[in-house]
Amino acid sequence: MRDLTFGDIRKYVALTDGISICMRETLTYELFNYIWEVPDTYNELYLIGFGQLNEPFDNNGYKTHLALEIMLSHTPREDDK
């Protein structure tokens, strides 16, 4: 199976969802109101997983508790090799 990168899935992410990008190595994250705000520098990073974030999230003044959390890494997953 080929390793997926964020660039592979970017076009499938809903345009209106809030996005949380979490880095596996540091567990730090960045929040974005929309997918087009996520810098292209993330495109080459490997997709580790994704899911629904159920935390307070301010999407351009619209308060919501739902966003898409995407975990990325500089190295591919090892569990599917």
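Calculation notes
- Residues numbered from 1 in each chain as written.
- Predicted model: local features only at pLDDT ≥ 70, side-chain atom pairs only at ≥ 80, totals over all residues.
- Heavy atoms only, no water.
- Helix = DSSP H or I, 4+ residues; strand = E, 2+ residues; numbered from the N terminus.
- Buried < 20%, exposed > 50% of the residue type's maximum accessible area, 1.4 Å probe, protein only.
- Contact = heavy atoms within 4.5 Å.
- Areas by Shrake-Rupley, 256 points an atom, 1.4 Å probe, with all protein chains shown as cover.
- Pairing = 2+ DSSP bridges.
- Core = buried A, V, L, I, M, F, W, Y, C linked by side-chain atoms within 4.5 Å.
- Phe/Tyr/Trp six-rings, centres within 6.5 Å; stacked < 30°, edge-to-face > 60°.

Things to note about the overall build of the chain
When you go through the chain residue by residue, the secondary structure sums to one helix and four strands. Its helices and strands taken in sequence order, the chain reads α-β-β-β-β from the N to the C terminus. Put simply, the chain has 81 residues, and 38% of those count as buried. Intrachain contacts of the chain at a sequence separation of at least 6 include 58% that bridge at least 24 residues. In the structure as shown, the chain presents an accessible area of about 5,500 Å², 55% of it carried by carbon and sulfur atoms.

With respect to the pairing of strand β2 (residues 29-32)
Relative to β2, strand β1 (residues 19-23) is paired through four bridges, and the arrangement is antiparallel. Pairing of I21 across the sheet is with E30, part of β2. Between β1 and β2, which follow one another and run antiparallel, lie five residues, and L27 among them has a positive phi close to 60°.

Here's the deal with the environment of I9
With respect to the helices and strands, I9 occurs in helix α1 (residues 6-9). Placed 34 residues apart in sequence, I9 and N43 show a C-alpha to C-alpha distance of 9.0 Å. In this view, I9 contacts L47 and I70; residues no more than four positions away in its chain are not counted.

Describing the nonpolar core
If you look at the biggest cluster of nonpolar residues, it comprises 15 residues, and the most contacted ones within it are F6, I19, I21, V38, Y42, I70 and L72. Counting only elements with at least two residues in this core, the list comes to α1, β1 and β4 (62-73). With near-sequence residues (within four places) excluded, F6 lies in contact with I21, I35, V38, Y42, N43, L45, L47, I70 and L72.

So, the packing of aromatic side chains
Across all of its chains, the model carries two aromatic pairs by this definition. When the centroid spacing of 4.5 Å and the interplanar angle of 5° are considered together, the rings of Y34 and W36 count as stacked. Note on Y34: relative accessible area 18%, which makes it buried. When its relative accessible area of 57% is taken as the criterion, W36 is described as exposed.

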